[in-house]
Amino acid sequence: MTASDANASATRLAAIRQRIAGAAREAGRPTQDVTLVAVSKTFDAEAIVPLIDAGQRVFGENRVQEAAAKWPALKEKYADIELHLIGPLQSNKIEDALKLFDVFHTLDREKLAVALVKARDKGAALPRLFVQVNTGGEPQKAGIAPADTDAFIARCRDEWKLDVEGLMCIPPLDEEPALHFALLEKLARRNGLTKLSMGMSGDFEKAITLGATHVRVGSALFGARA
Ligand SMILES: *Cc1c(COP(=O)(O)O)cnc(C)c1O
């Protein structure tokens, strides 16, 4: 990575932060209500460090194995990094994920909830939790169906004593994301949840307008993924 590459990522970060602030202002919301999760999947430490040097502290990864290969060293060097898991979590990776991540955005099934309870019973500290909702009802996508979301949140609270903080969605590629953001906001509000993980490089401003508290931005910060 050359000095000008590092400069370029700092410039992109500043531009994204400015756009977040603009969207928040337009929505009449304080900018601090919106956390930028810098999605660093597929990018190595060399690409990540310039963003850390520019002040970014919250990062997202979608694969446990990839995150385990690059983040422990970075977390050791920069103590205040907050790492978010934004991809599906397989049951056999839970232990590794608990060691690495501060926030899971992808609590997407009963089996995972039960596994988290088991880990907690054995003494593990649980991360902050978002329930992933499959707002588009896509068979290939993870997440709780919208119609089952109220019941799932209730079970998290009452049966499993899991402290769910918010909801997360990934709208279908070929649909208007605003409809999905609005649905997620409605589901969160009626369940008394205040956090919404929604919006990516192409639509984070719209998501902020509709209440996003966590936007997950990858390519607009790091460039296109290979
Ligand atoms: C990759 C990814 C993102 C970031 O996508 P960009 O379009 O590159 O900003 C956001 N959320 C999830 C769940 C992802 O897997």
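Residues numbered from 1 in each chain as written. Predicted model: local features only at pLDDT ≥ 70, side-chain atom pairs only at ≥ 80, totals over all residues. Heavy atoms only, no water.

Caption draft 1: Region of interest: the pairing of strand 1 (residues 35-39). Within strand 1, 4 of the 5 residues are buried, leaving the element largely enclosed by the surrounding structure. Bridge analysis of strand 1 against strand 8 (residues 214-217) gives 4 bridges, and the strand direction is parallel. Residue pairing in the sheet places V37 in a bridge with R216 of strand 8. In this structure, strand 1 lies alongside strand 2 (residues 58-61), joined through 2 bridges in parallel fashion. In the strand pairing of strand 2, V39 is matched with G60. (Buried < 20%, exposed > 50% of the residue type's maximum accessible area, 1.4 Å probe, protein only. Helix = DSSP H or I, 4+ residues; strand = E, 2+ residues; numbered from the N terminus. Pairing = 2+ DSSP bridges.)

Caption draft 2: Quick peek at the site of the ligand. The local shell around the ligand consists of V39, K41, I86, M168, I170, M200, S201, R216, V217, G218, S219 and R225. Contact between the ligand and R216: a nitrogen atom at 2.9 Å from a side-chain N or O atom of the residue. In the complex, the protein chains occlude 89% of the 390 Å² of accessible area that the ligand would expose alone. Residues that form the shell around the ligand fall into these classes: 6 nonpolar, 3 polar and 3 charged. (Near = heavy atom within 4 Å. Polar contact = N/O pair within 3.5 Å; in protein donor to acceptor, adjacent residues only side chain to side chain. Areas by Shrake-Rupley, 256 points an atom, 1.4 Å probe, with all protein chains shown as cover. Nonpolar A, V, L, I, M, F, W, Y, C, P; charged D, E, K, R; others polar.)

Caption draft 3: Here's a closer look at the pattern of salt bridges. Within this structure, the stated rule accounts for 15 salt bridges. Note that E205 and R19 form a salt bridge whose closest N and O atoms lie 2.9 Å from each other. Here the residue E205 occupies a position in helix 8 (residues 204-209), and R19 occupies one in helix 1 (residues 3-26), the gap between them amounting to 186 residues. Judged by its relative accessible area of 34%, R19 falls in the partly exposed class. We note a salt bridge from D80 to R57, for which the minimum N-O separation is 3.0 Å. Placement of the pair is D80 in the loop between helix 3 (64-77) and strand 3 (82-85) and R57 in the loop between helix 2 (45-53) and strand 2, with a sequence separation of 23 residues. A relative accessible area of 26% places R57 in the partly exposed class. (Salt bridge = Lys/Arg side-chain N within 4 Å of Asp/Glu carboxyl O.)

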